[in-house]
Amino acid sequence: LEFPECEDEPLDGKRLGLWLNDLRAGELESAQELVADERQADDTVITTLSAALQAVPRSRPPQLRVLDLSGNAISDQGCIVLAECATALRRLAGPGLRALLLTRNQVGTAGAQALANSFFPAGSAANEEYTLALSENPIGDDGVAAIAAALQAQKCLATLSLSDVGCSNRGCRALTASIEWIC
């Protein structure tokens, strides 16, 4: 399922709300992948989407596994909302979100920390792999270290995309310490 195209205008919460209302019954719940790359979407879009996903009937929990929000304007605040949403989806639908793609946004250390603390589920089965893409975001060493620590603590297998995040040797050492959990 692909978010609406917006001719030279950013996708905002209001426009997304209208699009969500126009979806056929069950379409949002049954979508396994939502793509909103390069839509100039901001944190209001994340708040609207999160509310919509969490409002679906418990009898038909969302099947969302991949959320691609690359190339937008999502900040730490949006990531905090996404982190809460990931936790809620896991409660509603088992493994919940398996891939979160946030390359080329405005995610900083606080956003990376929020995602690290909620995106990776504790004690994932050996065949369950999670993907977190935060390349080209200024998460820095502290954000990278938070992600590495979460992988170790949760014992969760993950594929990470962390290029051009402002990471020095300190962040790399943190990743090295969690290497057994990185695919």
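This text follows the structure it describes.
Residues numbered from 1 in each chain as written. Predicted model: local features only at pLDDT ≥ 70, side-chain atom pairs only at ≥ 80, totals over all residues. Heavy atoms only, no water.

Undergrad: Please clarify how the state of the cysteines should be interpreted in this entry.
TA: Covalently bonding the sulfur atom of one cysteine to the sulfur atom of another cysteine gives a disulfide. All told, the structure shown has zero disulfides when counted by the stated rule. Of all cysteine sulfurs, the one in cysteine 79 lies closest to cysteine 85, which takes part in no disulfide; the gap is 12 Å. For cysteine 85, a relative accessible area of 5% corresponds to the buried category. (Disulfide = S-S within 2.5 Å. Buried < 20%, exposed > 50% of the residue type's maximum accessible area, 1.4 Å probe, protein only.)

Undergrad: Just checking my understanding: could you explain the sheet that holds strand β1 (residues 33–35) for this structure?
TA: What holds strands together in a sheet is hydrogen bonding between their backbones, with the strands either parallel or antiparallel. Read from one edge to the other, the open sheet built from five strands follows the order β1-β2-β3-β4-β5, with strand pairing classed as parallel. Pairing within the sheet leaves two strands with one partner each, and these edge strands are β1 and β5 (157–161). Between one strand and the next, the sheet's axes are offset by a mean angle of 5°, whatever the strand orientation. Taken together, the three bridges between β1 and strand β2 (residues 66–68) define a ladder with parallel strand orientation. Among the inter-strand pairings, valine 35 is bridged to a residue of β2, identified as aspartate 68. (Pairing = 2+ DSSP bridges. Helix = DSSP H or I, 4+ residues; strand = E, 2+ residues; numbered from the N terminus. Axes fitted to C-alpha atoms, helices over the stretch in contact; angles between N-to-C directions.)

Undergrad: Would you mind going over the pairing of strand β4 (residues 129–133) with me for this structure?
TA: On a regular strand, each side chain points to the face opposite its neighbour's, so the side chains alternate between the two faces of the sheet. Where strand β3 (residues 99–101) lies against β4, three bridges are found, and the strand directions are parallel. When the sheet's bridge partners are listed, alanine 99 is paired in β4 with threonine 131. Where β4 meets β5, five bridges bridge the pair, whose relative direction is parallel. Residue pairing for β5: threonine 131 is matched across the bridge by threonine 159. Tracing the backbone out of β4, into helix α6 (residues 140–154) and back to the parallel element β5 gives a crossover that is right-handed. (Right-handed = clockwise from strand over helix to strand, strands pointing away.)

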